[in-house]
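Okay, here's what each chain looks like letter by letter:
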Amino acid sequence: MENITNYITELLILIFIVITFLQSGLDKITDWKGNIGWLKGHFSKTFLAGQVPLMVAIILVLEVIVGFMALVGIFFIISSGQTEIALYANVLAAITLLMLLFGQRVAKDYAGAFTIVGYFIVVILGVTLLS
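The structure presented is a predicted model; accordingly, all values stated were derived computationally and were not measured.

(A) The overall build of the protein, seen in detail. When its secondary structure is counted, the protein shows six helices and zero strands. Helices and strands appear in the protein in the N-to-C order α-α-α-α-α-α. Principal-axis analysis of the C-alpha atoms gives the protein an extent of 55 × 25 × 15 Å. Looking at the protein residue by residue over its 131 residues, the buried ones come to 42%. Pairs at least 24 apart in sequence give 72% of the contacts found in the protein among residues at least 6 apart. Of the accessible surface of the protein, which amounts to about 7,400 Å², a share of 71% is contributed by carbon and sulfur atoms. Side-chain charges of the protein comprise 6 positive and 7 negative groups, with the mean position of each set lying 22 Å from the other.

(B) The arrangement of the pattern of salt bridges in detail. A full pass over the atoms with the stated rule returns one salt bridge. Salt-bridge contacts for lysine 28 lead to glutamate 63; the nearest nitrogen and oxygen are separated by 3.2 Å. Of this pair, lysine 28 sits in helix H2 (residues 8–30) while glutamate 63 sits in helix H4 (residues 52–80), and the two are 35 residues apart along the sequence. For the pair lysine 28 and glutamate 63, a shared accessibility class is recorded, and that class is buried.

(C) Here's a closer look at the packing of helix H3 (residues 32–42) against H4. At a closest axis distance of 10 Å, the pairing of H3 and H4 adopts a crossing angle of 125°. On the basis of their axis angle, the class for H3 and H4 is oblique. Crossing of H3 over H4 shows right-handed handedness. Contacts between H3 and H4 involve Trp32, Ile36, Leu39 and Lys40 from the former and Val52, Pro53, Val56, Ala57 and Leu60 from the latter. When grouped by side-chain class, the residues that make up the contact of H3 with H4 number eight nonpolar, no polar and one charged.

(D) Spatial organisation of H3. The set of residues buried in H3 consists of Asn35, Ile36, Leu39 and His42. Relative to the axis of H3, the buried residues are bounded by an arc of 120° and lie together on one face. Opposite the buried face of H3, at more than 90 degrees from it, the exposed residues are Lys33 and Trp38. The secondary structure elements touched by the buried residues of H3 are H2, H4 and helix H5 (84–106).

(E) The packing of aromatic side chains, seen in detail. Overall, the coordinates contain two aromatic pairs when judged by the stated rule. Ring geometry for phenylalanine 16 versus tyrosine 119: centroids 5.8 Å apart, planes at 35°, classification tilted. Here the residue phenylalanine 16 occupies a position in helix H2, and tyrosine 119 occupies one in helix H6 (residues 110–130), the gap between them amounting to 103 residues. Overall, the relative accessible area of 28% leaves phenylalanine 16 in the partly exposed class. Aromatic pair phenylalanine 75 and phenylalanine 76: ring centres 5.6 Å apart, planes at 80°, arrangement edge-to-face. Taking relative accessible area as the criterion, phenylalanine 75 reaches 54% and is therefore assigned exposed.

Calculation rules
- Residues numbered from 1 in each chain as written.
- Predicted model: local features only at pLDDT ≥ 70, side-chain atom pairs only at ≥ 80, totals over all residues.
- Heavy atoms only, no water.
- Helix = DSSP H or I, 4+ residues; strand = E, 2+ residues; numbered from the N terminus.
- Buried < 20%, exposed > 50% of the residue type's maximum accessible area, 1.4 Å probe, protein only.
- Contact = heavy atoms within 4.5 Å.
- Areas by Shrake-Rupley, 256 points an atom, 1.4 Å probe, with all protein chains shown as cover.
- Lys, Arg positive; Asp, Glu negative; His and termini not counted.
- Charge placed at Lys NZ, Arg CZ, Asp CG, Glu CD.
- Salt bridge = Lys/Arg side-chain N within 4 Å of Asp/Glu carboxyl O.
- Axes fitted to C-alpha atoms, helices over the stretch in contact; angles between N-to-C directions.
- Parallel < 35°, antiparallel > 145°, perpendicular 65-115°, else oblique.
- Left-handed = near helix turned anticlockwise from the far one by under 90°.
- Nonpolar A, V, L, I, M, F, W, Y, C, P; charged D, E, K, R; others polar.
- Arc of directions from axis to C-beta.
- Phe/Tyr/Trp six-rings, centres within 6.5 Å; stacked < 30°, edge-to-face > 60°.

Any functional reading would require information that these geometric values do not contain.
Written out as structure tokens, the structure reads:
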């Protein structure tokens, strides 16, 4: 219980990451065709147009890895106070969000890019607290 109170902010950020990244990954798995179709249109006038399935696959794998790393990080913080995996989960989440931000900027979806900034701030706070 002491580790929960000592690391409550970090744990809440990790829970946020689990919800955000695993839900997004599961959405891509359960509606692969819908996601690919929408994103092909989204990137149709960019140099990334022909790379949509590969990009979605890469993001899907990263999202699932990040979500599970965050779950493992939660377990280690609660059980032993060890924060290294939680830090790695936050760093990988930040890298994944930067990839998503790049895509939104290339597609000139500035509102979508702005939305990612909110997620990025939360994750960078986690990196800061855990490093």
